[in-house]
Amino acid sequence: MTKTVRRLADGRELLYFDAPGPADARAAAPAAAPGRDAVDRRTLPPVTSAAEIRHDPLLDEHVAIASHRQGRTYHPPADSCPLCPATDDRHGEIPAADYQVAVFENRFPSLSGEHGRCEVVCFTPDHTASFADLTDERAALVLAAWTDRTAELSRRPGVRQVYCFENRGAEIGVTLAHPHGQIYAFPYVTPRTATMLRSAAAHRARTGRNLFDDVLARERAGGRVVLAGEHWTAFVPYAARWPYEVHLYPHHRVPDLTALAPAARAELPGLQLELLRRFDRLFGPAEPPTPYIAAWHQAPSPGPGAADPAEFALHLELFTVRRASGKLKFLAGTESGMGAFMNDVSPESAADRLREVASS
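Residues numbered from 1 in each chain as written. Predicted model: local features only at pLDDT ≥ 70, side-chain atom pairs only at ≥ 80, totals over all residues. Heavy atoms only, no water.

A.B. asks: Please explain helix H6 (residues 347–356) as it appears in this structure.
C.D. replies: One turn of an α-helix holds 3.6 residues; hence residues three or four places apart share an orientation. Restricting attention to buried positions, one finds in H6 the residues Pro347, Ala350, Ala351 and Leu354. Down the axis of H6, the buried side of the element spans an arc of 100°, and every buried residue falls inside it. Those residues of H6 hidden inside the fold are in contact with strand E9 (225–228), strand E11 (244–250) and helix H4 (262–281). (Buried < 20%, exposed > 50% of the residue type's maximum accessible area, 1.4 Å probe, protein only. Helix = DSSP H or I, 4+ residues; strand = E, 2+ residues; numbered from the N terminus. Arc of directions from axis to C-beta. Contact = heavy atoms within 4.5 Å.)

A.B. asks: Any chance you could explain the sheet that holds strand E8 (residues 180–186) here in plain terms?
C.D. replies: Sheet strands associate in pairs through backbone hydrogen bonding, adopting either a parallel or an antiparallel arrangement. Pairing is antiparallel in the open sheet, where 11 strands are placed in the order E1-E2-E5-E6-E8-E7-E12-E13-E11-E10-E9. A single partner strand is all that each edge strand has here, and the edge strands are strand E1 (2–7) and E9. In this sheet, adjacent strand axes meet at a mean angle of 20° when their direction is disregarded. Pairing of strand E2 (residues 13–18) with strand E5 (residues 101–105) involves four bridges; the strand directions are antiparallel. Each residue of the ladder has a partner; that of Phe17, found in E5, is Val101. Helix H3 (residues 211–220) rests against E9, strand E10 (232–235), E11 and strand E13 (315–320) of the sheet, and its axis sits at about 70° to E10. (Pairing = 2+ DSSP bridges. Axes fitted to C-alpha atoms, helices over the stretch in contact; angles between N-to-C directions.)

A.B. asks: What is the right way to look at the pairing of strand E7 (residues 161–168) in this model?
C.D. replies: Within a regular strand, the side chains alternate between the two sheet faces. Among the eight residues that make up E7, six are buried, leaving the element largely enclosed by the rest of the structure. Two strands pair when backbone bridges link them, and E7 and E8 are joined in this way by five bridges, in the antiparallel orientation. When the sheet's bridge partners are listed, Gln161 is paired in E8 with Phe186. Pairing analysis gives five bridges linking E7 to strand E12 (residues 292–297), with the strands arranged antiparallel. Directly across from Arg168, in E12, lies its bridge partner Tyr292.

A.B. asks: Got a minute to help me understand the packing of aromatic side chains in this structure?
C.D. replies: Geometry of an aromatic ring pair is reported as the spacing of the ring centres plus the angle between the planes. Under the criterion given, the structure shown has 13 aromatic pairs. Note on Tyr244 and Phe283: the rings are 5.6 Å apart at their centroids and 85° apart in plane angle, and the pair reads as edge-to-face. With Tyr244 in strand E11 and Phe283 in the loop between H4 and E12, this pair connects stretches of sequence that are 39 residues apart. Taking relative accessible area as the criterion, Tyr244 reaches 11% and is therefore assigned buried. Owing to a relative accessible area of 14%, Phe283 belongs among the buried residues under this scheme. Chaining the aromatic ring pairs together yields one cluster made of Phe123, Phe131, Trp146, Trp232 and Trp296. Just above the ring of Tyr16 sits the side chain of Arg36; from NZ or CZ to the centre is 4.8 Å. The ring of Phe341 has Arg241 lying over it, and the distance from NZ or CZ to the ring centre is 5.7 Å. (Phe/Tyr/Trp six-rings, centres within 6.5 Å; stacked < 30°, edge-to-face > 60°. Lys NZ or Arg CZ within 6 Å of the ring centre and 35° of its normal.)

Taken by themselves, the reported measurements are silent on function.
Here you go:
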């Protein structure tokens, strides 16, 4: 992989990730791909972020206040997409006329400066594609970009946790249709992770074993496995919150993407692509593309008073808000108001359906 670092017109960082071509596959330091020196010709004011982190003492949780995001780009027409490659008539966030994978600092960040960082990850220059349309090789390049950013952002002062994720579909709240994901570098441990770490610590004290290892062992022995490889298993969890929810775990527990062994790293792209393609077949060909969230959960960095991050296990959580053809699951008063989830689809029937729509 080749990483080329550039700057946008307002000073934000832009990174191109390119897989080596046949000519430079054996080169020690392949040159940057053509077009990576393209200059951002826009006239942009410096990014000013008013993001603020506030603490809720009742829940012991943090909330980012980012009122400047009200002016962010919202559902632009395809010919004005800021994530498509640049042309003579269109100058967006990526100045190159073509790219493979591109990462840049979000122009409207929820977290910035001493309060973290937000980045956008563009998986492909094809505006009409999706992650599921990628080749195994391109998905592996996205994985390499996620890993690179996890390693670099984790080293930044004040960053406690790096979160790589993709939201797809207007039903999820996506405001740019171009296939992309995001990376958040949080200055605190997120509530979901903190809860899992507390549960893992209590399980260790009670049993002497790791909670994530025990969950994976139980699921691999049960009837909700939907896809299994030599190094990974995907399953619908016993207490799934969402109509169709799948967790993907490596068989060997590691804290984050940087720690994956080569064999597990090589197997992952194909399995993730198969899961996404199954999601797109859940509701039949007449239904629009399935909206989903694909979230990589990674261990936080150690910190004062925090639970042991070594107890955490890297895993992917993939779920959709569509519960049936033409029907969405909206968070009800019990779920939004009290955090008490109630699922309309049994995990066992969801697992059955996800096995039925496997690629032939």
